[in-house]
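Results of the structural survey
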Amino acid sequence: MKYGNLVLEKKEFVLLKRLVNVSGFYTDNTYKNSIQKLTDELKSAIVYSEEEMPDDVIRFNSLVTIEGKNGFTNKFQLVIPSEGDFKNSKISILTPMGAAVIGYAKGDDIEWEFRNGLQTLKVTEVKQHPSAINSDILL
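- Looking up the protein chain in an unreviewed UniProt entry gives the name GreA/GreB family elongation factor, with the organism given as Arenibacter antarcticus.

1. Brief notes about the environment of Ser44
- Counting through the fold element by element, Ser44 comes out in the loop between helix 2 (29-42) and strand 2 (46-48).
- For Ser44, a relative accessible area of 38% gives the class partly exposed.
- Taking C-alpha positions, Ser44 is 9.5 Å from Gly4, a pair spaced 40 residues apart along the chain.

2. Remarks on helix 1 (residues 10-22)
- With 13 residues, helix 1 extends 19 Å between its outermost C-alpha atoms, agreeing within 8% with the 18 Å of an ideal straight helix rising 1.5 Å per residue.
- Regarding helix 1, the residues found buried are Glu12, Phe13, Leu15, Leu16, Leu19 and Val20. Here the buried residues of helix 1 occupy an arc of 165° about the axis, which is enough to place them on one side. Exposed residues lying more than 90 degrees from the buried face of helix 1 are Lys11 and Asn21.
- Buried residues along helix 1 sit in contact with strand 1 (7-9), helix 2 and strand 2.

3. Comments concerning the layout of surface pockets
- Counted as a void, the largest pocket has a volume near 390 Å³.
- Phe86, Pro96, Met97, Phe114 and Arg115 are the residues nearest the centre of the largest pocket, which is lined by 18 residues in total.
- Among the secondary structure elements, those contributing two or more residues to the lining of the largest pocket are helix 2, strand 5 (90-92), helix 3 (96-101) and strand 7 (117-127).
- Take the lining of the largest pocket: its biggest share by element is 3 residues, from strand 5.
- Of the residues belonging to the lining of the largest pocket, the class tally is 8 nonpolar, 8 polar and 2 charged.

4. Quick look at the pairing of strand 3 (residues 63-68)
- Pairing of strand 3 with strand 4 (residues 73-79), which is carried by 5 bridges, proceeds in the antiparallel orientation. By the bridge assignment, Glu67 is partnered in strand 4 with Thr73.
- In this structure, the hairpin formed by strand 3 and strand 4 is closed by a connection of 4 residues, where Gly71 is found at a positive phi of approximately 100°.
- Note that strand 3 and strand 7 share 6 bridges and pair antiparallel. Residue pairing in the sheet places Ile66 in a bridge with Val123 of strand 7.

5. Examining the UniProt feature "domain: Transcription elongation factor GreA/GreB C-terminal" (unreviewed entry) in the protein chain
- Cross-referencing UniProt, the feature "domain: Transcription elongation factor GreA/GreB C-terminal" (unreviewed entry) maps to residues 54-127 in the present numbering.
- Helix makes up 8% of residues 54-127 and strand 45%, with an end-to-end C-alpha separation of 11 Å.

Quick notes on the rules
Residues numbered from 1 in each chain as written. Predicted model: local features only at pLDDT ≥ 70, side-chain atom pairs only at ≥ 80, totals over all residues. Heavy atoms only, no water. Helix = DSSP H or I, 4+ residues; strand = E, 2+ residues; numbered from the N terminus. Buried < 20%, exposed > 50% of the residue type's maximum accessible area, 1.4 Å probe, protein only. Expected span 1.5 Å × (residues − 1). Arc of directions from axis to C-beta. Contact = heavy atoms within 4.5 Å. 1 Å grid on protein atoms, 1.4 Å probe; cavity = no way out; pocket = protein on both sides within 12 Å on 5 of 7 lines; lining within 4 Å. Points joined across faces, edges and corners; volume = space filled by probe spheres on them. Nonpolar A, V, L, I, M, F, W, Y, C, P; charged D, E, K, R; others polar. Pairing = 2+ DSSP bridges. UniProt positions renumbered as here; feature names shortened; annotations may be inferred.

Shown next, in the form of structure tokens:
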């Protein structure tokens with residue numbers, strides 16, 4: 001991990017904590033385990049102000065490209081739950097993929113449990129998409 005721990009912007013950190021706190025009611029084990037792992041990672045996250053945030057870190061609205069060890073490539077935008085739209089490659093932060101990538105940086109390898117088992121992903125590209133998020137929105 002490039003920065004040693006997850007890296008999050010202050011307001012996004014607060015919003016993310018709110019989102020994981022209200023999402024504990026999943027019955028699907030993959031979702032439940034992803035939210036639990038993200039919650040554990042948040043305990044040691046590095047939190048920066050907007051001005052200090054590195055450009056290569058995945059955050060809300062980032063455009064992300066990941067590659068799997070099995071050869072697949074996935075490009076998507078990481079969004080708040082209410083904007084999730086799989087058909088348009090907008091992945092909610094509360095999906096297993098969204099929870100897996102938030103706070104990681106370009107070049108990082110991520111090990112995460114998905115429905116088809118433990119996967120290793122590599123973050124190959126991160127582009128920031130300047131778009132304000134309403135931190136009062138929960139879902």
